[in-house]
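Descriptive analysis of the structure
Residues per chain are reported as follows:
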Amino acid sequence: MTAFITRCLKNVSLLLCLLAGLAMAAQAETIGSRRAEAEVTTDGQLSVSTRFQTRLTPSLSDALEQGVVLPFRLEFQLTKPRLTAYYLNFSEWFDPHAQLGFKLSYQSLTNRYRVTIGGLSNYYPTLREALGAVGAIQGWRVLNNGTLDPRAPGRVAGQVRLLLDIGELPKPFQLNALGSADWSLSSDWVKLDVKDGN
């Protein structure tokens, strides 16, 4: 009887450890990719379309509600053809080949959320809808004309990621963000599904 109870307790503790691990993994993934596609255009550019699902940590939600603008950065890297990717990495000093900034803010007077890309803004009634617009782009041209051979889209590969741009936060919040996992928000690099645009 004692051996049976011991075995049951071991199984229960194993199950609890597994559930705790799954919960931590789910919480760790606060930005996940829902779409990452690209196509090689006839003029040798790459047209990228992305969509991400983002969940804010409690600290970021509080900061947003208090009027802090949350800056996000969508980054693109060309990984193939290798010679072109190497040249672009070298010429950009190993920075991303292209990047696009998004800003998320809360308007307390109207109780709406605003997402700004460059000089264009859209307003959303809920945080969920606004977060759906952060990192969502259609037909983003990321390379110069003639960089790629439009006749060989199968030889092209790239990746994208979305992250909270800590360097663009107001200075006091940058200090908070340095040592806190609550302020660290980033997706993994996601491989683009490259299609033939011809």
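Residues numbered from 1 in each chain as written. Predicted model: local features only at pLDDT ≥ 70, side-chain atom pairs only at ≥ 80, totals over all residues. Heavy atoms only, no water.

The protein chain goes by DUF4390 domain-containing protein in an unreviewed UniProt entry, where it is assigned to Chromobacterium fluminis.

**Notes on the overall build of the protein chain**
Quick note on the threshold: Under the scheme used here, helices are H or I runs from DSSP no shorter than 4 residues and strands are E runs no shorter than 2 residues, and both carry numbers assigned from the N terminus. Classification of residues uses two cut-offs on accessible area relative to the type maximum, computed with a 1.4 Å probe and protein chains only: under 20% is buried, over 50% is exposed, and between them is partly exposed. Method for areas: the Shrake-Rupley scheme with a 1.4 Å probe, in which residue coverage is limited to the protein chains shown.
Scanning the protein chain from N- to C-terminus turns up five helices and ten strands. In the protein chain, which comprises 198 residues, the proportion classed as buried is 38%. Per element, the accessible surface of the protein chain, about 12,100 Å² overall, is 54% carbon and sulfur.

**Examining the confidence of the model for the protein chain**
Rules: Summary of the metric used: pLDDT quantifies the predictor's per-residue confidence within the range 0 to 100. Contact between two residues is taken to exist if any of their heavy atoms lie within 4.5 Å; hydrogens are not considered.
Of all residues in the protein chain, 76% have pLDDT values of 70 or greater, and the mean over the chain is 80. Long-range and interchain partners of residues 12-28, a stretch whose pLDDT sits below 50, account for two contacts in this model, where long-range means more than four residues apart.

**Regarding the environment of D182**
By the element assignment, D182 lies in the loop between α5 (171-178) and β9 (190-191). Distance in space between the C-alpha atoms of D182 and L60 is 7.3 Å, their sequence separation being 122 residues. The residues touching D182, leaving out its near neighbours within four places in the chain, are T57, S59 and L60.

**Focus: the sheet that holds strand β10 (residues 193-196)**
Basically, it comes down to this: One requirement defines pairing of two strands: DSSP has to find at least two bridges between them. The angle between two axes is taken between their N-to-C directions and runs from 0 to 180 degrees, where each axis is a line fitted to C-alpha atoms and a helix contributes only its stretch in contact.
Pairing is mixed across the open sheet formed by four strands, whose spatial order is β7-β2-β1-β10. Looking along the sheet, the strands with just one partner apiece sit at the ends: β7 (137-141) and β10. The mean inter-strand angle of the sheet, taken between neighbouring strand axes irrespective of direction, is 25 degrees. Bridge count between strand β1 (residues 31-40) and strand β2 (residues 46-54): nine bridges; the pairing is antiparallel. From the neighbouring strand, G32 faces β2, where its bridge partner is Q53.

**Brief notes about the pairing of β2**
In terms of residue burial, β2 counts as a mostly covered element, since seven of its nine residues are buried. In this antiparallel pair of consecutive strands, β1 and β2, the connection spans five residues, and G44 shows a positive phi of 80 degrees.

**Thoughts on the pattern of salt bridges**
Quick reminder of the rule: Only one rule defines a salt bridge in this text: a Lys or Arg side-chain nitrogen within 4 Å of an Asp or Glu carboxyl oxygen.
As enumerated under the stated definition, the model contains six salt bridges in all. With a closest N to O distance of 2.7 Å, E75 and R161 form a salt bridge. Of this pair, E75 sits in strand β3 (residues 70-80) while R161 sits in strand β8 (residues 157-164), and the two are 86 residues apart along the sequence. With relative accessibility at 23%, the residue R161 sits in the partly exposed group. We note a salt bridge from D193 to K195, for which the minimum N-O separation is 2.9 Å. Using a relative accessible area of 35% as the deciding quantity, one classes K195 as partly exposed.

**A word on the sheet that holds β3**
The strands making up a sheet associate through backbone hydrogen bonding, with each pair oriented either parallel or antiparallel. Read across the sheet, six strands follow the order β6-β5-β4-β3-β8-β9 without closing on themselves; strand pairing throughout is antiparallel. Every interior strand has two partners, whereas the edge strands, β6 (120-124) and β9, have only one. Examined bridge by bridge, β8 and β9 share two bridges and lie antiparallel to one another. For Q159, the partnering residue across the bridge sits in β9 and is K191.

**Notes on the packing of aromatic side chains**
Under the convention used in this document: A pair of aromatic rings is counted whenever rings of Phe, Tyr or Trp (Trp by its six-membered ring) have centres within 6.5 Å, and the orientation is called stacked for planes under 30 degrees apart, edge-to-face for over 60 and tilted otherwise. Two limits define a charge over a ring: the Lys NZ or Arg CZ must be within 6 Å of the ring centre, and within 35 degrees of the ring normal.
Here the structure, examined in full by the defined rule, presents one aromatic pair. Here the basic side chain of R112 rests over the ring of Y123, its NZ or CZ set 4.4 Å away from the ring centre.

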